[in-house]
Amino acid sequence: MTHRVDEMPLPIWLPESGSGPGIVLIQEIFGLDGYLRGVAEKLAALGYVVAVPELFHRFQPGWVGEHDEAGIARSMEVVGNLDFPLAVQDVVKSVEYLRGLPEVTGKVGVFGFCLGGTLAYAAATASNPDTAVSFYGSGVPDQIGTLDQVTCPIQFVFGTEDAFITGYQKVVDAVEDHDHAEIHLEPAGHAFLNHLGPWFDRAAADRAWDISAQFLARTLPV
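Residues numbered from 1 in each chain as written. Predicted model: local features only at pLDDT ≥ 70, side-chain atom pairs only at ≥ 80, totals over all residues. Heavy atoms only, no water.

> It is not clear to me how the overall build of the protein chain should be interpreted in this structure. Could you clarify?
Scanning the protein chain for helices and strands turns up seven helices and eight strands. Taking 17 Å as the expected radius of gyration for a compact globule of 222 residues, we find that the protein chain reaches 16 Å, a close match to that expectation. Dimensions of the protein chain along its principal axes, counting C-alpha atoms only, are 40 × 40 × 30 Å. Buried positions account for 57% of the 222 residues belonging to the protein chain. For the protein chain, the proportion of contacts with a sequence separation of at least 24, taken over those separated by at least 6, is 68%. (Helix = DSSP H or I, 4+ residues; strand = E, 2+ residues; numbered from the N terminus. Rg over C-alpha atoms; globule rule 2.2 N^0.38 Å. Buried < 20%, exposed > 50% of the residue type's maximum accessible area, 1.4 Å probe, protein only. Contact = heavy atoms within 4.5 Å.)

Take a look at the structure:
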């Protein structure tokens, strides 16, 4: 079912029980594609109420990008129109919207990949989600100086062979001095969890997913 926050579509997945803690799931550059829908279904199967804000609604509503070379290039063009501070506000508004839903009976976290990984971190610095998971956010290393502004538990995941993110060591160093932060590294490239993309690494994806699911179980218990 799709709700709306202001003018933004907000598709929502419910767990089998019909209620549970909330997760705002934040997209990659490809929009709400089959991969992201699959992640939403997996999180709902774990017992969460999952909402996916449509971040491109102001300029490319309904965008779904292909995962081949041409599709990646087109998606990069589309994301160039994104107003990042407005996108952070969209995520924060989605968190607050979930907190007001009768189906959401516990806390609310944020969980994002790539573009969404950067936005999950930015939302955690700008507001108060109850937990945050950031997968290979390309903007995270340059923003990690604001980690002290994050008051919730936060988990970072990066691939050590990521050609798009060379500064993950900055995040490793910052996490050492932050009690509520942790980082997990996989010997994989960028977007290794996305089974529709050219960088998919099944072994790394399975390990990272299990570790993040355990993190959610600790910090956002069902």
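From this point, the discussion proceeds with the structure in view.
> I'm lost on the packing of aromatic side chains in this one. Help?
The relation between two aromatic rings is expressed through the spacing of the ring centres and the mutual angle of the planes. As enumerated under the stated definition, the model contains 13 aromatic pairs in all. Taking 5.3 Å as the distance between ring centres and 45° as the angle between the ring planes, the aromatic pair formed by Phe111 and Phe113 counts as tilted. The exposure class of Phe111 is buried, given its relative accessible area of 1%. Arranged with centres 6.0 Å apart and planes meeting at 85°, the rings of Phe164 and Trp199 form a pair that is edge-to-face. Residue Phe164 is located in the loop between strand E7 (154-159) and helix H6 (168-176), and its partner Trp199 is located in the loop between strand E8 (181-186) and helix H7 (202-219); the two are separated by 35 residues in the primary sequence. Site record: aromatic cluster; members linked through ring pairs are Tyr35, Phe111, Phe113, Phe135, Tyr136, Phe192 and Trp209. (Phe/Tyr/Trp six-rings, centres within 6.5 Å; stacked < 30°, edge-to-face > 60°.)

> Help me understand the nonpolar core in this model?
The biggest cluster of nonpolar side chains holds 79 residues, and the ones touching the most others in it are Leu25, Phe111, Phe113, Phe135, Tyr136, Phe156 and Phe192. At seven residues, the largest contribution of residues to this core is made by helix H4 (residues 115-126). In this structure, Phe111 is in contact with Ile23, Val24, Leu25, Ile26, Leu43, Val133, Phe135, Trp209, Ser212 and Leu216, ignoring residues within four places of it in sequence. (Core = buried A, V, L, I, M, F, W, Y, C linked by side-chain atoms within 4.5 Å.)

> How do you make sense of helix H2 (residues 69-79) when you look at a structure like this?
Where H2 is concerned, the buried positions are Gly71, Ile72, Ser75, Val78 and Val79. In a view along the axis of H2, the buried residues occupy a sector of 120°, so they form one face of it. Of the residues in H2, the exposed ones pointing more than 90 degrees away from the buried face are Glu69, Ala70 and Glu77. (Arc of directions from axis to C-beta.)

> Would you explain the sheet that holds strand E6 (residues 132-135) in this entry?
Consider a sheet: its strands pair through backbone hydrogen bonds, and that pairing is either parallel or antiparallel. Judged by pairing direction, the sheet is mixed, and its eight strands sit side by side in the order E1-E2-E4-E3-E5-E6-E7-E8 without closing on themselves. The sheet is open, and its two borders are formed by strand E1 (2-5) and E8, each paired with just one other strand. Across the sheet, the mean angle separating the axes of adjacent strands is 20° when strand polarity is ignored. Note: E6 against E7, four bridges, orientation parallel. Following the sheet pairing, Val133 is matched in E7 by Gln155. (Pairing = 2+ DSSP bridges. Axes fitted to C-alpha atoms, helices over the stretch in contact; angles between N-to-C directions.)

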